[in-house]
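# Observations on chain architecture
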Amino acid sequence: MTAIQAYPRRYCAACGSVVRREFRPGPGGRPNAACPRCVSLERHRFLAVLLDVLRPMLGDIDLVLDVAPSPQVTPLLAGLGARRTVRLDLGADNRLVDVLGSLTELPLADGSVDLLTCYHVLEHVPDDRAAMREITRVLSPGGLGILQVPFRPGTVTDEDPSVTDPAERIRRFGQDDHVRYYGDDFEDRLVEAGLGLRRVTPRSLLGGEMSAWLRLSPDETVWIVRRDPDATVPDRDEPLPTPLTGAMDALLEELATQHRRLVKARAQVEQLRARVAELERGGVVGAARRTARRATGRAVRAARRLGGRDGAGRGVAG
Ligand SMILES: C[S@@+](CC[C@H](N)C(=O)[O-])C[C@H]1O[C@@H](n2cnc3c(N)ncnc32)[C@H](O)[C@@H]1O
Ligand SMILES: [Zn+2]
């Protein structure tokens, strides 16, 4: 639990709003997942942040390829101002898809795609190495891909094409239409396909407190890839916190501290109000006030008898 989590508001980076209502549970009942305004999930909100960060590097965008589009991602990509956006999926969904096709055989020219998003697709694709080679082929020289897959760091990819039983696939791969669960060699496969990669998590980019304020999954990795035939798998050690994440952590911790103090002060005021009401009901406050008034009157009269001045020589008001 981070400091900012008790703060009664949160910010949705996907719809750009401060949200007062609680975020709703997501798939599988995980808490704080879905924005009550735009229904974005953690990964969509982090994509919104990433697109903001990466936008200056993309320059003039001709073609965006959105593999397996979703209603939450379409508006985010539309905001990039690309000349063309192609939404592609193997399956038909007339609301979302422009092209029916496979990631393993993209109907696009070499080097034509400036930005490619591919979230939660590769674990469905039997020949994922062919899909990765296609990503390399279609990316333009300065083009970027943003990829996400279910991933267990520190493990080797669990895959077995002979597993077709839905229950067994759920047990091993997490879903009945998944054909593997990726481990560290996911990155080796990307590099073998000619892609250079950078890992990024909400925590590494934004810090823990900002990830919490944005209701992101702090340690969920996203891979930013680009064509690079000489790439190697980068080291896992990323220095944390950075000056920027440190600053954001400090700022939000301060906000959370001030909020805690405010909540405590409000509770004390309520307690005092209740105590005063209780005393008033018992007539105690009225009696105390009358006693105080009588005491003040006596003091004022005594002061007047002493020559109309109090001990300090000031005039005495009645
Ligand atoms: C779990 S959904 C992901 C949807 C969305 N990207 C998201 O993150 O919520 C997986 C999608 O991958 C698509 N898919 C599976 N194999 C594919 C392939 N070879 N080429 C393109 N799309 C594929 C499926 O049709 C399905 O729409
Ligand atoms: Zn939202």
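Residues numbered from 1 in each chain as written. Chains lettered and ligands numbered in written order. Predicted model: local features only at pLDDT ≥ 70, side-chain atom pairs only at ≥ 80, totals over all residues.

### Section: the overall build of the protein chain
Regarding its fold elements, the protein chain presents nine helices and 11 strands. The globule rule puts the C-alpha radius of gyration for 318 residues at 20 Å, and the 31 Å found for the protein chain is more than 25% above it. Residue burial in the protein chain is summarised as follows: out of 318 residues, 28% are buried. Look at the contacts in the protein chain between residues 6 or more apart in sequence, and 63% of them connect residues 24 or more apart. (Helix = DSSP H or I, 4+ residues; strand = E, 2+ residues; numbered from the N terminus. Rg over C-alpha atoms; globule rule 2.2 N^0.38 Å. Buried ≥ 20, exposed ≤ 12 C-beta atoms within 10 Å, placed from the backbone. Contact = placed C-beta atoms within 7 Å.)

### A look at the site of ligand 1
Around ligand 1 sit 14 residues in total, of which Ala68, Leu90, Gly91, Leu103 and Tyr119 are the nearest. Classifying every residue of the shell around ligand 1 by side-chain character gives seven nonpolar, six polar and one charged. (Near = placed C-beta within 6 Å. Nonpolar A, V, L, I, M, F, W, Y, C, P; charged D, E, K, R; others polar.)

### Description of the sheet that holds strand S3 (residues 63–67)
If you trace the seven strands from one edge of the open sheet to the other, you get S5-S4-S3-S6-S7-S11-S10, paired in mixed fashion. Edge strands, defined here as strands with exactly one partner in the open sheet, are strand S5 (99–100) and strand S10 (195–200). Sitting on the sheet, helix H1 (residues 42–58) touches strand S6 (113–119), strand S7 (139–148) and strand S11 (222–227), and the angle it makes with S7 is about 165 degrees. Along the sheet, helix H5 (residues 185–192) contacts S10 and S11; its crossing angle with S10, the most-contacted strand, is approximately 145 degrees. (Pairing = 2+ DSSP bridges. Axes fitted to C-alpha atoms, helices over the stretch in contact; angles between N-to-C directions.)

### A closer look at helix H8 (residues 243–281)
Structurally, the α-helix is built with 3.6 residues per turn, so residues lying three or four positions apart point the same way. The terminal C-alpha atoms of H8 lie 57 Å apart, and with 39 residues this matches the ideal 57 Å at 1.5 Å per residue to within 8%. Counting buried residues along H8, only three of its 39 residues qualify, which leaves the element largely exposed. Residues Met248, Asp249 and Leu252 constitute the buried set of H8. Turning to H8, the residues buried within the fold contact helix H6 (202–206) and helix H7 (208–213). Positive backbone phi, at 75 degrees, marks Gly283, one or two positions downstream of H8. (Expected span 1.5 Å × (residues − 1).)

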